[in-house]
Structure formats: C-alpha cells, structure tokens
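Descriptive analysis of the structure
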Amino acid sequence: MPKKLNFHTYEELKASARKALPRVLFEDMANGSGRSWTTRHNEAAFDEVDLVPRAAVGFPERQLSTTVLGTEVSMPVLLSPIGALRMVHPHGAPGAAAAAGRAGTVASVSMMCGHTPDEIARRATGPVWQQVYLSHGYEKCAEYIEAAKRHGFQAIAVTVDCPVSPKPPMGLKVSLSSAIEFGPQLARRPAWTARFLTDGAKLAAANEAMGPRKKQTALWSDMDWLKERWGGPLIVKGIITPEDARRAVDAGADAIVVSNHGGMSLDGAPATITVLESIVREVGQEVEVYLDGGVRQGSDVVRALALGARAVMIGRPQLLALALGGERGVDAVLELFRHQLDVALAMVGVQSVHDIDRSYARTPERWTDPQPAALS
Ligand SMILES: Cc1cc2nc3c(=O)[nH]c(=O)nc-3n(C[C@H](O)[C@H](O)[C@H](O)COP(=O)(O)O)c2cc1C
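Note that the structure is a prediction, hence the values are computed from the model and not measured. (Residues numbered from 1 in each chain as written. Predicted model: local features only at pLDDT ≥ 70, side-chain atom pairs only at ≥ 80, totals over all residues. Heavy atoms only, no water.)

It is at 8 Å that the axes of helix H13 (residues 242-250) and helix H14 (residues 272-283) come closest, and there the two elements cross at 35°. Like other packed secondary-structure pairs, H13 and H14 cross with a definite hand, here right-handed. Here Pro242, Ala245, Arg246 and Val249 of H13 come into contact with H14, specifically with Ser278, Ile279, Glu282 and Val283. Tallied by class, the residues present in the contact of H13 with H14 amount to five nonpolar, one polar and two charged. (Axes fitted to C-alpha atoms, helices over the stretch in contact; angles between N-to-C directions. Helix = DSSP H or I, 4+ residues; strand = E, 2+ residues; numbered from the N terminus. Left-handed = near helix turned anticlockwise from the far one by under 90°. Contact = heavy atoms within 4.5 Å. Nonpolar A, V, L, I, M, F, W, Y, C, P; charged D, E, K, R; others polar.)

What follows concerns the pairing of strand S9 (residues 255-258). On a regular strand, one side chain projects to one face of the sheet and the next to the other, so that they alternate. What you see with S9 is no split at all: Ala255 and Val257 on one side and Ile256 and Val258 on the other are buried throughout. Summarising the sheet, strand S8 (residues 234-239) and S9 pair through four bridges and their orientation is parallel. Bridging across to S9, Val236 finds its partner in Ile256. After leaving S8, the chain enters H13 and then returns to the sheet as S9, a path that is right-handed. (Buried < 20%, exposed > 50% of the residue type's maximum accessible area, 1.4 Å probe, protein only. Pairing = 2+ DSSP bridges. Right-handed = clockwise from strand over helix to strand, strands pointing away.)

In this structure, Phe7, Leu226, Ile256, Ile273, Leu276, Ile279 and Leu291 are the most contacted members of the largest nonpolar core, which totals 109 residues. Ranked by residue count, the leading element in this core is helix H16 (residues 316-348), at 16 residues. Counting residues in each nonpolar core, the second largest holds 13 residues, with Val68, Ala155, Ile235 and Ala311 among its members. (Core = buried A, V, L, I, M, F, W, Y, C linked by side-chain atoms within 4.5 Å.)

The subject of this paragraph is the site of the ligand. Among the 21 residues in the neighbourhood of the ligand, the closest are listed as Pro81, Ser110, Thr159, Asp292 and Arg296. At 2.7 Å, a side-chain N or O of Thr159 approaches an oxygen atom of the ligand. Within the backbone of Arg316, one N or O atom sits 2.9 Å away from an oxygen atom of the ligand. For the ligand, the accessible surface in isolation is 600 Å², of which the surrounding protein chains cover 98%. (Near = heavy atom within 4 Å. Polar contact = N/O pair within 3.5 Å; in protein donor to acceptor, adjacent residues only side chain to side chain. Areas by Shrake-Rupley, 256 points an atom, 1.4 Å probe, with all protein chains shown as cover.)

Here the second largest pocket defines a volume of roughly 340 Å³. Taken together, the elements giving at least two residues each to the lining of the second largest pocket come down to H14, strand S10 (288-292) and helix H15 (298-306). Taken together, the residues of the lining of the second largest pocket sort by class into nine nonpolar, five polar and five charged. (1 Å grid on protein atoms, 1.4 Å probe; cavity = no way out; pocket = protein on both sides within 12 Å on 5 of 7 lines; lining within 4 Å. Points joined across faces, edges and corners; volume = space filled by probe spheres on them.)

Our next topic: H14. Helix length check: H14, at 12 residues, gives a terminal C-alpha distance of 16 Å against a target of 16 Å (1.5 Å per residue), a fit within 8%. With nine of its 12 residues buried, H14 lies for the most part within the structure. Within H14 the residues assigned to the buried category are Thr272, Ile273, Thr274, Val275, Leu276, Glu277, Ile279, Val280 and Val283. Residues of H14 that are buried sit in contact with helix H3 (37-46), S8, H13, S9, S10 and H15. (Expected span 1.5 Å × (residues − 1).)

This brings us to the confidence of the model for the protein. Should the pLDDT be low somewhere, the predicted coordinates at that spot are not to be read in detail. Confidence in the prediction of the protein, expressed as mean pLDDT, is 93, and 93% of residues score 70 or more. Counted against residues more than four places away or in other chains, residues 169-176, with its pLDDT under 50, gives 23 contacts. (pLDDT = per-residue confidence, 0-100.)

Turning our eyes to something else, we now look at the pattern of salt bridges. Scanning all chains against the criterion turns up 21 salt bridges. When the shortest N-O distance is used, the salt bridge between Lys149 and Glu146 registers 3.5 Å. Placement of both Lys149 and Glu146 in helix H7 (residues 137-150) is noted, with a separation of three residues, approximately one turn of the helix. Lys149 sits in the partly exposed class, given a relative accessible area of 39%. Sharing partners across several salt bridges, the network here consists of Arg102, Arg123, Glu327, Arg328 and Asp331. (Salt bridge = Lys/Arg side-chain N within 4 Å of Asp/Glu carboxyl O.)

Bringing the environment of Asn42 into the picture now. Of note, Asn42 is situated in helix H3. In this structure Asn42 comes out as buried when scored by relative accessible area, which is 1%. Considered as a pair, Asn42 and Glu277 are 235 residues apart in the sequence and their alpha carbons are 15 Å apart. Not counting residues up to four positions away in its chain, the partners in contact with Asn42 are Asn260, Gly262, Gly263, Pro270, Ala271, Thr272, Gly293 and Gly294.

Looking now at the UniProt feature "active site" (unreviewed entry) in the protein. UniProt annotation of "active site" (unreviewed entry) refers to His261 when read in the numbering used here. By secondary structure assignment, the location of His261 is in the loop between S9 and H14. Judged by its relative accessible area of 19%, His261 falls in the buried class. In contact with His261, not counting residues within four places along its chain, are Tyr133, Thr159, Asp161 and Cys162. For His261, the side chain forms a polar contact with the side chain of Tyr133, separated by 3.3 Å. (UniProt positions renumbered as here; feature names shortened; annotations may be inferred.)

Take a look at the structure:
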C-alpha cells in the first residue's frame, strides 16, 4: 500500500488529507454550515453510546454481509452521495463507485458529483444508488432518473434536507479562474494543483451542464412523480424526526436515510445517532433505515446497528480518502472499516452483524426524554 494510504484511523486520514488539499477546499468540505455544531456533534454523539460486550464468547469467523433493499452487500457500510467529489480528485464518483464495487458494497452517487451517470456506470461493478435533487428542475431530475434506469442502478435517493444552499460546495462554483482564489495555497499543493489543471475545465463544464439552479426543493407532493417516473425503490434521505419518517413512508418511501447532510445544511440539527432509535421505532417495521453523519470507525457501525439501523453510510471518510489517493484511497478506507467492524464484532462477542441488537448499546437517558412533536 502506498505510504500515504497507510492510515489506521479516521484521524490519521483526516490529517493527511488536510495536507493534500488546498486549505479553503479542505475546510469547506470538512466543516459544516454555520458554526459546524451539527457536524461536530454528529461525531461526538457516537462517543456517548456505550457498547455492552459479552465476555468469554469467541467466534473465530465473523459474518459482516447483509442486504440492503434486497441487494447483497459484503458489509453494512455504504458510500454517501457527495457533490463536488470530482473537485478533490478527478477519479470522483466513478472511482468511488469502482472502489465500492471491489468492496462489495453500494455507491450512492450525487447528482452534483461532477460526473454523469454514464461515466459512473462505465466504472461501476457493484450496486449504484442515484441521488437526486429537484433543485435544477423536474426535467434535469428526470434525465438522471432515465439514466439510472438505463444503467440498471438499484435505487434512487431523493434528498429532502437542503431546501436552500447554505454553503455551496466549492465544486459547484468552481472554474479555472476561481481556482486563482486559492492563491498561494496552490503552490503548496502541487499534486492537487496539477490534477486540477488537467481536470478542472471538465468539472466546470459538468457544472455548467447542470443548468441554472431553480428555486424548487423536493416536497412530499413530489414523491408520486418520483416514484412513477422511476418505477423502482425510492429512498428518502435527510430525515431526522419520527414525524417526517412517517410522512416519508406514507408518501411511498421504500427506505429512509437518517441524515442531516453531515451538518452541511441546518446547523443546530440534532446529531443523527441521537434520533435514530426514535425513527426506527416509528417506521423500522415497515422500511429499512440507514444512517449517516459522523460514522468514523467500525465500532460506530455496531452502535448504529444496535440502535436499529440496517446499514450506515460514510461521507467525509470517503471524500477525504479520495482526496488522498483517488479510488485507491476509497479502497483503503472501505477496507479499514471492514477490518474495524470485524474486530468490533469479535470484541462485543457476536458472530454476525444480524446478531447485534439493542442490548449491545447503552445511550444517555436524555436521548429518550419526551420531546416536543416536530410537527404541529
Ligand atoms: C462536501 C459534501 C458534499 C455533499 N453533497 C451531497 C449531495 O450532493 N447530496 C446529498 O444528498 N448529500 C450530500 N452530502 C451529505 C452526505 O451525503 C452525507 O449525508 C454526509 O456527508 C454524512 O456525514 P459524514 O460526512 O459525517 O459521514 C454532502 C456532504 C459533504 C461533506
């Protein structure tokens, strides 16, 4: 493994990626909106979940594989959709999808990733979920849905937690001239700069092809249109209350992602792991519930599974690993999660991810305190 990919923890990965990216870009992506409270809290809240192991039980082989929406995956760790992925490395979402395929897991790819579904499909060898917004209008969204159909992608995921753009990812406004804004940092990041000089124009063209941003965001009343147009499994991403989870299911969602956009949308939104259980209680019998936000190590996966998630998704670990080593970086981060999850299963004393239940986690009492209803 190349030396730079030799990271053993998320913290090591983050420290190396910080050195690989221009500072403005790193900070734009590593931080959240506002004061990054939600981004920080997503991570910190995992530390509040105690794992409760069983001593003196030993399983020499652990089983990590499971299914998501009927698709077999080698572990319950999937890739979150990330806009502007191409900005950190030209391999972008096609490279991430290739890595996910090698790892036997799902790549969910953002409509804003800077590559087309055709480019992604050419590299993908495993299941792909196409994330969509309505922000660029119904026609643009329909183009992505048609492409997803053409390429046999397994699901579409509509993101519902970002009605406006509080903090546009750099990639959306990037052009070669705006790179000048990075100024003296470019000289300090020669590898990134060299890649950007060859790929930046293509990224700018891809962003241009997206067309103007229209005002609309996906509403509950759009779910019928999405379902009809797509005809396959619909995932609703960006749910953080049981009330909205119920609405999503009533509107026809086949799965939901408990997510606050990694803290990139509403700063002040609760950490996802703190609300997971209430959402699973509401809709977990009817649909699969996934979680992203702050998942940084294998034991976080066990925590989320214990609180009822079917699988987790990783955003920044994927993004920073891609920045560091292109698609080989994503290979490395997925293998790190696999290794850590396997060790965590052994340590808590279960043989399979399916054996993890609520008894393996202890949460702070205040997480289950009665809360005001989110909707009046
Ligand atoms: C730079 C960046 C861009 C993102 N772009 C999108 C996007 O285009 N669509 C989307 O649904 N979510 C997007 N997200 C949110 C991720 O899908 C995911 O919810 C979040 O990153 C998970 O949190 P984590 O980064 O703590 O793992 C983005 C997140 C980041 C950090």
